[in-house]
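Structural overview for review
Here's the letter readout for the chains.
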Amino acid sequence: MKKSSTSVQELPGAAVRRPTPPPAWQPRTDPAPLLPDPEPFRVLGTPAAAGADPALLLRLYTELVRGRRYNTQATALTKQGRLAVYPSSTGQEACEVAAALVLEDRDWLFPSYRDTLAAVARGLDPVQALTLLRGDWHTGYDPHEHRVAPLSTPLATQLPHAVGLAHAARLKGDDVVALALVGDGGTSEGDFHEALNFAAVWRAPVVFLVQNNGFAISVPLAKQSAAPSLAHKAVGYGMPGRLVDGNDAIAVHTVLAEAMDRARRGDGPTLVEAVTYRVEAHTNADDATRYREDDEVQAWRAHDPVRLMERELLERGVLDEAGVEKAAQGAEVMAARLRERMNAEPALDPMDLFTHVYAEQTTQLAEQAALLRAELEAAADPAPSGDGRNAGSTAITGVTGGEAAGERR
């Protein structure tokens, strides 16, 4: 059969189906107000510092000193075998402390695995904050009680959770804002983009704080993103992007406070990028010398957040040497208590293996729990090996009565 040379466009009725030309393209939102400033926002060392609240500055400084000591003590605990792993936030304390102090009691914090300091500055017990990293429990605290979500080890998965909670709070009429923390590496995950898109479309009361510390383990930011800044990514989702010096605690607090107020008013989310640096390795299991030079680390040590705040307060007369000593002593007391409590062996109940798996225990788990309970009871019972209960224990454990008796001795 000979094929027709008539195109679809020329068929009868095609003109009716042909769409009219679209109108001239217009942006849904004016992008200009959403763009971050060319340079990170700073307060310390600028005339704006004179207008900062002295009480807030002192509180930030005290928490910075405490946070630095917390980081060094937790790192030492890994070397002593008391922690399985610790991702230090040394050098990033300004972000952690400002994030905690900007929250109202009713607000929620959604941390990543590196944000134990933010949780502690929020008021969480330091030992409970380290429970996950010790390997005892997935979460060592009640998230609802403290308004701190579980520390998130998978990258960026906490961000959609923050959006969901914030959106639900808005639907219920609750005056709640969620503050979600993530590293620069987390911005390369799909969860980051999905969370920003949902948050912007729903105008959810959530603030995203990206702690850009330069590296996603060993991968520098330049190999993750070609954007002018991570804050620029906000524009693509229709929310404001803010760029701030992440080692300037009062600057981070100021920017976050504005973003939190904006969210609470119902004006939607904000993406804040805090430019900071991870002075120590990714974790105690990492060798950072393989992928960065010491000169780079030393340059950032000169921009240390604790020293920046201390110098500013001393120069302005807000702080004196006695105040410096008082803050240091308070941090040492905290570290000593943390050492003492972490050096105590945890009291673990093997039956907890079955406690929080399902709301209603399955038949198989119930059987396994019964077997383990019987074995534990038999091991704790000093009855002679001929006792029937011990015979049952022998069958379960696979050891002889003599061996079991020897272990008891």
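None of the values given here were measured: they were computed from a predicted structure.

For the protein chain, the helix and strand inventory stands at 16 helices and 7 strands. With 409 residues in all, the protein chain has 44% of them scored as buried. Counting only contacts in the protein chain whose residues sit at least 6 apart along the sequence, the fraction spanning at least 24 positions is 74%.

With parallel pairing, the 5 strands of this open sheet are ordered in space as β1-β2-β3-β7-β6. For this open sheet the edge positions go to β1 (108-110) and β6 (241-245), each flanked by a neighbour on one side alone. Along the sheet, successive strands turn relative to each other by an average axial angle of 20°, direction set aside. As paired elements, strand β2 (residues 178-183) and strand β3 (residues 206-212) share 6 bridges and run parallel to each other. If you follow A178 over to β3, its bridge partner there is V206. Along the sheet, helix α8 (residues 158-172) makes contact with β1, β2 and β3, crossing β2 at roughly 170°.

Under the defined criterion, the tally for this structure stands at 6 aromatic pairs. Aromatic pair Y70 and Y86: ring centres 6.4 Å apart, planes at 80°, arrangement edge-to-face. Here the residue Y70 occupies a position in helix α2 (residues 54-79), and Y86 occupies one in the loop between α2 and α3 (93-101), the gap between them amounting to 16 residues. With respect to burial, Y70 and Y86 carry one shared label: buried. Seen in terms of ring centroids, W108 and F110 are 6.0 Å apart; in terms of plane orientation they differ by 35°. Their pairing is tilted. Among the aromatic residues, ring-to-ring pairing joins F215, Y277, Y291 and W300 into one connected group.

Opposite charge on two side chains lets them pair, provided their charged atoms get close. By the definition in use, this model includes 16 salt bridges. The salt bridge partner of R66 is E63, with a shortest N-O separation of 3.5 Å. One end of the pair is R66 and the other is E63, both in helix α2 and 3 residues apart, which spans about a single turn. Relative accessible area serves as the criterion here: at 16%, E63 is assigned to the buried category. A salt bridge links R82 to E345, with the shortest nitrogen-to-oxygen separation between them at 3.0 Å.

Bringing the confidence of the model for the protein chain into the picture now. For residues with low pLDDT, the predicted coordinates do not support detailed interpretation. Mean pLDDT over the protein chain works out to 89, with 87% of the residues at or above the 70 mark. Throughout residues 388-409 the model reports pLDDT below 50, and contacts reaching past four residues in sequence, or to other chains, amount to 23 contacts.

Their axes nearest at 9 Å, the elements α2 and α3 cross at an angle of 125°. Regarding the angle of α2 to α3, the classification is oblique. Seen from above, α2 lies across α3 with right-handed handedness. Together, R59, L60, E63, L64, G67, R68 and N71 of α2 and E93, A94, V97, A98 and L101 of α3 make up the contact between the two elements. A class-by-class count of the residues in the contact of α2 with α3 yields 6 nonpolar, 2 polar and 4 charged.

This paragraph deals with the nonpolar core. Ranked by size, the top nonpolar core spans 64 residues in total, and within it Y70, L179, V207, L256 and M309 carry the most contacts. At 9 residues, helix α10 (residues 249-264) tops the list of elements feeding residues into this core. Filtering out sequence-adjacent residues up to four positions away, L179 remains in contact with A99, V102, L103, W108, L109, F110, V207, L209, L256 and M260. Listed in part, the 26 residues of the second largest apolar core include L159, V163, A195 and A199.

This part covers the pairing of β2. Burial of β2 is extensive: 5 of the 6 residues sit out of reach of the surface. Bridging between β1 and β2 involves 3 bridges; their strand directions are parallel. Each bridged residue has a counterpart across the sheet, and for W108 the counterpart in β2 is A178. Taking the sense of rotation as the criterion, the β-α-β connection linking β2, helix α9 (residues 190-202) and β3 turns out right-handed.

Scoring rules and cut-offs
Counting of residues starts from 1 at the beginning of each chain's written sequence and follows it residue by residue. Per-residue local features of the predicted model are confined to residues with pLDDT of at least 70, and side-chain atom pairs are confined, for both listing and counting, to 80 or more; whole-chain, interface and lining totals are unaffected and use all residues. Excluding hydrogens and water, the side-chain values take into account all heavy atoms of the structure. Helix and strand labels come from DSSP, where a helix needs a run of H or I of at least four residues and a strand needs a run of E of at least two; each type is numbered from the N terminus. Only protein chains enter the accessibility calculation, which uses a 1.4 Å probe. A residue is then buried if its area is under 20% of the maximum for its type, exposed if over 50%, and partly exposed in between. Whether two residues are in contact is decided by their heavy atoms, any of which lying within 4.5 Å being enough. Two strands are counted as paired when DSSP detects at least two bridges linking them. Helix axes are fitted only over the stretch in contact, all axes being lines through C-alpha atoms; the angle between N-to-C directions runs from 0 to 180 degrees. Any two rings among Phe, Tyr and Trp, with Trp reduced to its six-membered ring, count as a pair given centres within 6.5 Å; such a pair is stacked if its planes are under 30 degrees apart, edge-to-face if over 60, and tilted if neither. The term salt bridge refers to a pairing of a side-chain nitrogen on Lys or Arg with a carboxyl oxygen on Asp or Glu at a separation within 4 Å. On a range of 0 to 100, pLDDT expresses the predictor's confidence in each residue. An angle below 35 degrees is treated as roughly parallel, one above 145 as roughly antiparallel, one from 65 to 115 as roughly perpendicular, and anything else as oblique. Should the near helix be turned anticlockwise from the far one by less than a right angle, the crossing is left-handed, and should it be turned clockwise, the crossing is right-handed. Polar here means any residue outside two lists: the nonpolar Ala, Val, Leu, Ile, Met, Phe, Trp, Tyr, Cys and Pro, and the charged Asp, Glu, Lys and Arg; Gly therefore counts as polar. What makes a nonpolar core is a set of buried Ala, Val, Leu, Ile, Met, Phe, Trp, Tyr and Cys residues whose side-chain atoms join them at distances within 4.5 Å. With the strands aimed away from the viewer, a crossover counts as right-handed if its path from the first strand over the helix to the second runs clockwise.

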